[in-house]
Structure formats: structure tokens, C-alpha cells
Amino acid sequence: MLDIKFTPAAAPKPLPDPDTLVFGRTFTDHMFLMNYDAGQGWHDPRVEPYGPLPFELSCMVFHYAQEIFEGMKAYRTPDGKVQLFRPYENASRMNSSCRRMCIPEIPEEDFVQAVKAVVSADKRWVPEKMGTSLYIRPFIIATDSSLGVHASHSYLFAVICCPVGAYYPEGLNPVKIYVEDEDVRAVKGGTGFTKCGGNYAASIRAGERAEEQGYSQVLWLDGVHRKYIEEVGSMNVMFKVGNTIITPELTGSVLPGITRKSCLELMRDWGFSVEERLISARELFDAAQAGSLEEAWGTGTAAVVSPIGLLAQGDTKVEVSGGRIGRLTQRLYDTLTGIQWGTEPDPYGWVEPVE
Ligand SMILES: *Cc1c(COP(=O)(O)O)cnc(C)c1O
């Protein structure tokens, strides 16, 4: 149990219009902070007014990217309560990222308590409109003022929050994706399974090029064989081929998404045959051309599910689900959002109330 010191904001900010929110630009009144120092461990957990902090330019995170983060949301239910979705999964994944990046772990209970403390302080910021939510960004940065290449001796754990608008204000729109065959996002033995900033830095160029060509995102291939599908943009990816669901297995270069895990659990419960295995781009395009690729979609906290309507590799273009959202994709979206926003029962015990 953390003993969290609370310093309330002197002047609460006016709430933004939920219809014009731009993702990740507007932050709430408070933030959670906790420091780590070698020999002392994690200390001084606190909720303070949101604001800038001073860092020396020699701060390690700026140079060697020893940093990890999480992404999760708080949802407003129809009866006005606020809830989180599987927050212990984020806590456990953050610690897995920490181990890879030589960052000291945070007990899962403390992580969840920290998230709840800041969300509770900023409850009025959790928007009410259907499809809107409060995005929560927990992260840890290395704070030693040193250019020596070694694990930092001091760290800052912070949780900041921003209200976000509906991801699909005009209904679920299928996206166009192409297979990226120059850049790779991650390799086995690297950091692909962690949520670290460096993975994102390496993926920006491919995303920019995709956008220039009128695509929403890229389909990443594995970095060794340049053959097997790994993820779509910064989402996990799933395919319905005939009556079987196929998704890339977690080989170390794929991020273990909580939405991915939840979708797989739901579909197994619904009686689908679900395979986690290697899928080559060749196999996928062959299935598409044979007419058996019925649905394709990405999964992640921001979009929940994102239907894929068109796949391209070089000059080969294949339409999926007639460019519309598939039935199973829609069912996953409806079920998960129903549980998250509390409009449907939660038979799995996935939601966690914030008092
Ligand atoms: C966060 C993330 C995902 C999705 O994970 P969720 O827990 O479902 O939000 C997928 N791929 C990458 C690269 C990610 O960073």
C-alpha cells in the first residue's frame, strides 16, 4: 500500500468540449509521481497539479531511451461510475518491460493504486459521451544526469491522463494497410515485446510513408526472415480464414496486447478455433486470393478493434470483407466496448471500479 501525498490543483481547468478533442493534447489537473533512487527504492508517491518538471539536458532518458510506458483507459458507465479495464494486466506487462530495460519494477498493487489515485483526483475529466474515455499514460524514465552508458540509478514513475474523443465518431471505418518490406519494427532478442519509446521511434518512418501513399498503417513483417506477419501499425493483428482465427504468436518481437488477449479469450469462449502461430504474408495473400480470408482487424486499447478493408503488397491489392467491417470484428467491438463502458455485464471480472 502506497502512502500517497495529495496536493490539489489550486485552480481546476475548464473541461474541454468532448466533440473537438485531439488525442493526447489536453491533460487533466493532476499527475501521479514517484521517485526511485538506488539504495532507497521507490519513494515519495504523490499526486500533484499537472505541470512541467525541470530536467538537466544530460538526463539519461534523453540520450539512451531507457524508458517504458503503458496505455490504458478509464471509462464512464451509464450510471456515472468510473472504471478501468484489466489494470493488473498493464501492471504485469509494465514490469515485464522493466525487466528487459533494467528498470526497477513496481509492485502490481502499487501500480494500480497509483493509477486509481490520479483518476480519482481527476474523475470529473472522464467524459460522459458514448465512445469517449480518459486515456491514461503511466511511464518510467531514467533520470540520472549522466552520459555514461549503464543502467540509471534513479528513475521517475509518472501517470498522466488526457480525455479522448470517440475513436470512431462516424462508425467503424475499415482501413487500408500495406506490407512494409523495408523497415522492421523489432527483432527477436530486441525489445519488441516491451512498450518502450525506442520501438516507436523506429516505426515512425514507415508510418509516415504509408500515410503519404494513402494508407492508414503498415503490416510489419518479422525482422529475420522478412516473411511472417507481426503487427499492424501499433496494434496486434488477427485474421479470420474460413472458420479459423489466426494471429501471430508471441515470439518476442510482438507486443502482448491486452486487447489481443481479451479478443482471443472471447473467441475461444464463443467456440471459434483460434491459432496463435507464424503466418507468412504469402499465406495471407493466398487465402485472400482464394476467397477464404473473410475478416482482418487490428486490436489495441485506443481503437479497441480496427477493421482492415484492404491489404496491399507491392502491386498486389486485395479487398477484405468487401471493404466493410466483418461480423466477427463487429461482435468483438460490441462485446469489448459493452464491458468497458459498463453497458453490458462483465462475466469475466475484467473491470475495476475507481472510487
Ligand atoms: C500497446 C501496443 C499494442 C496493443 O496493446 P493493448 O494492450 O491491446 O493496448 C500493440 N502493439 C504495440 C506495438 C503496442 O505498443
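All figures in this text were calculated on a predicted structure; none of them were measured in a lab.

Quick look at the site of the ligand
Neighbouring residues of the ligand: 14 residues in total, closest K195, Y200, E231, T259 and T301. Within the backbone of S234, an N or O atom sits 3.3 Å from a nitrogen atom of the ligand. A distance of 2.8 Å is found between an oxygen atom of the ligand and a backbone nitrogen or oxygen belonging to I258. For the ligand, the accessible surface in isolation is 380 Å², of which the surrounding protein chains cover 96%. Grouping the amino acids of the shell around the ligand by side-chain chemistry returns 4 nonpolar, 6 polar and 4 charged.

Here's the deal with the domain arrangement of the protein chain
When the domains of the protein chain are assigned, the result is domain 1 (5-164) and domain 2 (175-341). Summarising the inter-unit geometry, the C-alpha centres of domain 1 and domain 2 are found 27 Å apart. Each partner contributes residues to the interface: domain 1 has 24 residues there, and domain 2 has 22 residues. Both sides of the domain 1 and domain 2 interface together cover about 2100 Å² of buried area, and 59% of this is carbon and sulfur. Summed over the three residues of domain 1 that lose the most area to domain 2, namely F85, R93 and R100, the buried surface amounts to 29% of that side. For the pair domain 1 and domain 2, the interface holds 2 salt bridges.

Considerations on the environment of T7
If you trace the backbone, T7 turns up in the loop between β1 (5-6) and β2 (30-37). Overall, the relative accessible area of 34% leaves T7 in the partly exposed class. In this structure the C-alpha to C-alpha distance between T7 and V82, which are 75 residues apart in sequence, comes to 22 Å. The residues touching T7, leaving out its near neighbours within four places in the chain, are H30, V47, E48 and P49.

As for the nonpolar core
Nonpolar side chains in soluble globular proteins tend to end up buried together. Grouped together as the largest cluster of nonpolar side chains are 46 residues, with contacts concentrated most on L219, I229, M267 and L311. Leaving out residues up to four positions away in the same chain, L311 has contacts with I177, L219, L284, F285, L293, T316, K317, V318 and V320. F32, V82, I103 and L134 belong to the second largest nonpolar core, which has 37 residues in total.

As for the pattern of salt bridges
Scanning the model with the defined rule gives 20 salt bridges in all. The partner of K129 in a salt bridge is D19, and the shortest N-O contact between them spans 2.4 Å. Taken together, the positions of K129 in the loop between α3 (108-121) and β7 (133-142) and D19 in the loop between β1 and β2 put the pair 110 residues apart, joining distant regions of the chain. The residue K116 makes a salt bridge to E352 at a minimum N-O spacing of 2.6 Å. Taken together, the residues span a long stretch of sequence, with K116 in helix α3 and E352 in strand β18 (residues 351-354) at a distance of 236 residues. Overall, K116 belongs to the partly exposed group, its relative accessible area being 23%. By sharing partners, the salt bridges in this structure join R86, E89, K261 and E265 into a single network.

Concerning helix α4 (residues 197-212)
In a regular helix each residue adds 1.5 Å, so 16 residues correspond to 22 Å; α4 covers 23 Å between its end C-alpha atoms and thus fits that length. The set of residues buried in α4 consists of N199, S203, A206, G207 and A210. Buried residues in α4 make contact with β9 (175-179) and β10 (217-221). Just downstream of α4 lies G214, where phi reads positive at about 85°.

Some thoughts on the packing of aromatic side chains
The full count for this structure, using the stated rule, is 13 aromatic pairs. The interplanar angle of 65° and the centroid separation of 5.8 Å between the aromatic rings of Y36 and Y155 together place this pair among those described as edge-to-face. Taken together, the residues Y36 in strand β2 and Y155 in strand β8 (residues 154-164) connect sequence positions 119 residues apart. Grouping residues by exposure puts Y36 and Y155 together as buried. Measuring from ring centre to ring centre gives 6.4 Å for W42 and F157, while their planes differ by 70°; the resulting arrangement is edge-to-face. Residue W42 is found in strand β3 (residues 41-49), and its partner F157 is found in strand β8; the two are separated by 115 residues along the sequence. The same class applies to W42 as to F157, namely buried. Counting every residue linked through ring pairs, the aromatic cluster contains F32, Y36, W42, F111, Y155 and F157. Directly above the aromatic system of W270 lies the positively charged group of R331, at a separation of 3.7 Å from the ring centroid.

Reading guide: rules and limits
- Residues numbered from 1 in each chain as written.
- Predicted model: local features only at pLDDT ≥ 70, side-chain atom pairs only at ≥ 80, totals over all residues.
- Heavy atoms only, no water.
- Near = heavy atom within 4 Å.
- Polar contact = N/O pair within 3.5 Å; in protein donor to acceptor, adjacent residues only side chain to side chain.
- Areas by Shrake-Rupley, 256 points an atom, 1.4 Å probe, with all protein chains shown as cover.
- Nonpolar A, V, L, I, M, F, W, Y, C, P; charged D, E, K, R; others polar.
- Domains from an automatic or database assignment.
- Contact = heavy atoms within 4.5 Å.
- Buried area = accessible area lost by both parts, 1.4 Å probe.
- Salt bridge = Lys/Arg side-chain N within 4 Å of Asp/Glu carboxyl O.
- Helix = DSSP H or I, 4+ residues; strand = E, 2+ residues; numbered from the N terminus.
- Buried < 20%, exposed > 50% of the residue type's maximum accessible area, 1.4 Å probe, protein only.
- Core = buried A, V, L, I, M, F, W, Y, C linked by side-chain atoms within 4.5 Å.
- Expected span 1.5 Å × (residues − 1).
- Phe/Tyr/Trp six-rings, centres within 6.5 Å; stacked < 30°, edge-to-face > 60°.
- Lys NZ or Arg CZ within 6 Å of the ring centre and 35° of its normal.

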